[in-house]
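# Structural overview
Below, each chain spelled out in residue letters.
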Amino acid sequence: QYKAIANQQEKIKAMNQALKAQALKAQMDPHFMFNVLNSIQHFILENNAEAALGYMSKFSRLTRQVLENSVNETVLIADELKALTYYIELEKLRFDNHFNFTIEADEQIDIQNTEIPSMLLQPYVENAILHGLRHKASGGLLQIILLYQYGFILCIIQDNGIGRLAAAALKDKQSKAHISRATDTNISRIALLQSGAHIVTIDLSNEDGSPKGTRVEIKIPIND
């Protein structure tokens, strides 16, 4: 009888964790879609019909992918990277191809059969674009790298933008508030994972101390 009660308690605990994660994700998805819709509105207002139609087509594919990914708390890495690619392409169009991007995954990671928390990387990608690369004069580069680390995946989002201090000085308060809530949500989601999972933000600098971008490292356990 005591064993049965203990088993039920463990099930309840697991359900509570799942519900917390689901609730946190529900806060994140509307934020993500809101920003994409703003991107569409901005681009259409440029009165470029052909480009606007192309943008809508990309948005349609992104929406379909996000809806598919949102069914479960975790998604295949391949599907998550696909949604990220659609999102970055939309933002790249919106900012007139002002930056380039690369996405790389370690060969030791089976992206077709390994799952990670859905919508985990997007807020940091958005942050890199809107606060770092958007204000860089030229030569912007966004890098997304997934590395295998002994039972964990290290996700790296790195940009060569203007850096966090310069971005804060621009006083983009409204956008900054949205990003802050999304990243705070991610910290809470990571806290629900096993020991060893973490998020670290690193300010990159040149030899003379001047900023040369931002690097975010997210370490999560492999769920395959």
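Residues numbered from 1 in each chain as written. Predicted model: local features only at pLDDT ≥ 70, side-chain atom pairs only at ≥ 80, totals over all residues. Heavy atoms only, no water.

### A word on the overall build of the protein
Counting its regular elements, the protein contains six helices and seven strands. Buried positions account for 39% of the 224 residues belonging to the protein. Taking as baseline every contact in the protein between residues at least 6 positions apart, the subset at least 24 positions apart corresponds to 72%. Accessible area for the protein stands at about 12,300 Å²; split by element, carbon and sulfur atoms hold 52% of it. (Helix = DSSP H or I, 4+ residues; strand = E, 2+ residues; numbered from the N terminus. Buried < 20%, exposed > 50% of the residue type's maximum accessible area, 1.4 Å probe, protein only. Contact = heavy atoms within 4.5 Å. Areas by Shrake-Rupley, 256 points an atom, 1.4 Å probe, with all protein chains shown as cover.)

### Things to note about the side chain of Glu-80
Here Glu-80 shows up in helix 3 (residues 77–94). When near neighbours in sequence (up to four residues on either side) are disregarded, Glu-80 contacts Asn-69, Val-75, Ile-116, Pro-117, Ser-118, Met-119, Leu-120 and Leu-121.

### Topic: the packing of helix 3 against helix 4 (residues 122–133)
It is the contact of helix 3 with helix 4, at a shortest axis distance of 11 Å, that shows an interaxial angle of 15°. On the basis of the axis angle, helix 3 is roughly parallel to helix 4. Taken as a pair, helix 3 and helix 4 cross one another with a handedness that is right-handed. Together, Leu-84, Tyr-87, Ile-88, Glu-91 and Arg-94 of helix 3 and Gln-122, Val-125, Glu-126, Ile-129 and Leu-130 of helix 4 make up the contact between the two elements. Per-class residue counts for the contact of helix 3 with helix 4 are six nonpolar, one polar and three charged. (Axes fitted to C-alpha atoms, helices over the stretch in contact; angles between N-to-C directions. Parallel < 35°, antiparallel > 145°, perpendicular 65-115°, else oblique. Left-handed = near helix turned anticlockwise from the far one by under 90°. Nonpolar A, V, L, I, M, F, W, Y, C, P; charged D, E, K, R; others polar.)

### Section: unusual backbone geometry
A positive phi angle, near 55°, is found at Asp-96, a position not held by glycine. Of note, Asp-96 is situated in the loop between helix 3 and strand 2 (99–105). Take Asp-96: its relative accessible area is 66%, and that puts it in the exposed class. Phi at Asn-97 is positive, roughly 55°, even though this residue is not glycine. Inspection of the secondary structure assignment puts Asn-97 in the loop between helix 3 and strand 2.

### What about helix 3?
An α-helical turn contains 3.6 residues, so a residue and the one three or four places further along point in the same direction. Here helix 3 contains 18 residues, and its C-alpha end-to-end distance of 26 Å stays within 8% of the 26 Å for a straight helix at 1.5 Å per residue. Following helix 3 by one or two positions, Asp-96 has its phi on the positive side, about 55°. (Expected span 1.5 Å × (residues − 1).)

### Side note on the nonpolar core
Of all hydrophobic cores here, the largest spans 33 residues; its most connected members are Val-125, Ile-129, Leu-146 and Ile-218. Secondary structure elements with two or more residues in this core: helix 2 (49–69), helix 3, helix 4, strand 4 (140–149), strand 5 (152–159) and strand 7 (211–221). Among the elements that take part in this core, helix 3 stands out by supplying eight residues, more than any other. When near neighbours in sequence (up to four residues on either side) are disregarded, Leu-146 contacts Ile-77, Leu-81, Glu-104, Ala-105, Asp-106, Ile-109, Leu-121, Ile-153, Leu-154 and Cys-155. (Core = buried A, V, L, I, M, F, W, Y, C linked by side-chain atoms within 4.5 Å.)

### Notes on the sheet that holds strand 2
The mixed open sheet is built from five strands, whose spatial order is 2-4-5-7-6. Sheet topology places strand 2 and strand 6 (198–205) at the edges, where each strand pairs with a single neighbour. Strand-to-strand, the axes of this sheet are offset by a mean angle of 15°, without reference to chain direction. Direction of pairing for strand 5 relative to strand 7: antiparallel, over a ladder of eight bridges. Paired with Ile-157 across the two strands is Val-216, which belongs to strand 7. Contacts from helix 3 reach strand 2, strand 4 and strand 5 within the one sheet, and its direction differs from that of strand 2 by about 175°. (Pairing = 2+ DSSP bridges.)

### Description of the pattern of salt bridges
Under the criterion given, the structure shown has three salt bridges. Here Glu-89 makes a salt bridge to Lys-58, at a shortest N to O gap of 3.2 Å. Note that Glu-89 is positioned in helix 3 and Lys-58 in helix 2, a separation of 31 residues in sequence. Residue Arg-164 is joined to Asp-203 by a salt bridge in which the shortest nitrogen-to-oxygen separation is 2.8 Å. Of this pair, Arg-164 sits in helix 5 (residues 164–169) while Asp-203 sits in strand 6; the two residues are 39 residues apart in sequence, bridging distant segments of the chain. (Salt bridge = Lys/Arg side-chain N within 4 Å of Asp/Glu carboxyl O.)

### Overview of the pairing of strand 7
Taken together, the eight bridges between strand 6 and strand 7 define a ladder with antiparallel strand orientation. Its bridge partner lying in strand 7, Leu-204 is registered against Gly-213.

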